[in-house]
Amino acid sequence: MPRNPRAGPAVAGNTPDEVEAEFYEAMQAADLERMMAIWADDDDVVCVHPGGTRVVGPAAIRASFGAIFANGAVPAVPEQVRRLHWLSAAMHHLVERVEVVLEGGRRDSAWVLVTNVYVKTPQGWRMAAHHASPASMQELPATGPGDAPTTLH
């Protein structure tokens, strides 16, 4: 069966972790083709950028990342990654640290709370959703393994 060309090329290794690594490498390189290659070929894929509205579908997601990358690379680094994996889906929730340059060349970090959802497709693992919200230092999750609650009410 021929592969749907909208799905993009196969992602090396093809695990949710490797798709996530590709996502951040594409952001750090402002590489739109690489970014779109990791998304599922489904009209209902969704992306919410920090402080933004819901962007639905591959064409709209391409346009949104194209506009972001027109301003250059996004130096986002995933940290504090927590993973939930099932047979054909995975969800990662994490904190992105984004390095920003302030007036006078001083550097600082901005923080973003993120949920990434991956689905297993005939072409392999692909991203189905990326939801990012700005965070303050007070909102950041605990960093140590014993610091976070272990039960959900």
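This one's a predicted model, so the numbers in the text were calculated from it and none came from an experiment.

Help me understand helix α1 (residues 16-29), please; the structure alone is not making it clear to me.
End to end, α1 covers 20 Å across 14 residues, agreeing with the expected 20 Å (1.5 Å per residue, within 8%). When α1 is considered as a whole, its buried residues turn out to be Pro16, Val19, Glu20, Phe23, Tyr24, Ala26 and Met27. Considered in projection along α1, the buried side chains sweep an arc of 155° and stay on one side of the axis. Following α1 by one or two positions, Ala30 adopts a phi angle in the positive range, close to 50°.

Looking at this structure, I do not really get the side chain of Ser64. What am I missing?
Examined against the element boundaries, Ser64 turns out to sit in helix α3 (residues 58-69). Of the residues examined, Ser64 reaches a relative accessible area of 14% and is grouped as buried. Beyond its immediate chain neighbours, meaning those up to four positions away, Ser64 contacts His49 and Val55.

Looking at this model, I keep getting lost on the pattern of salt bridges. Mind explaining?
Pairing is possible between side chains of opposite charge, provided their charged atoms come close. For the structure on display, the rule yields 6 salt bridges. Here Arg83 and Asp17 are joined by a salt bridge, their closest N and O atoms 2.7 Å apart. Linking Arg83 in strand β3 (residues 76-85) with Asp17 in helix α1, this pair joins segments that are 66 residues apart in sequence. Arg34 serves as the salt-bridge partner of Glu22, at 3.0 Å between the closest nitrogen and oxygen. Of this pair, Glu22 sits in helix α1 while Arg34 sits in helix α2 (residues 32-37), and the two are 12 residues apart along the sequence.

Cut-offs used in this document
Residues numbered from 1 in each chain as written. Predicted model: local features only at pLDDT ≥ 70, side-chain atom pairs only at ≥ 80, totals over all residues. Heavy atoms only, no water. Helix = DSSP H or I, 4+ residues; strand = E, 2+ residues; numbered from the N terminus. Expected span 1.5 Å × (residues − 1). Buried < 20%, exposed > 50% of the residue type's maximum accessible area, 1.4 Å probe, protein only. Arc of directions from axis to C-beta. Contact = heavy atoms within 4.5 Å. Salt bridge = Lys/Arg side-chain N within 4 Å of Asp/Glu carboxyl O.

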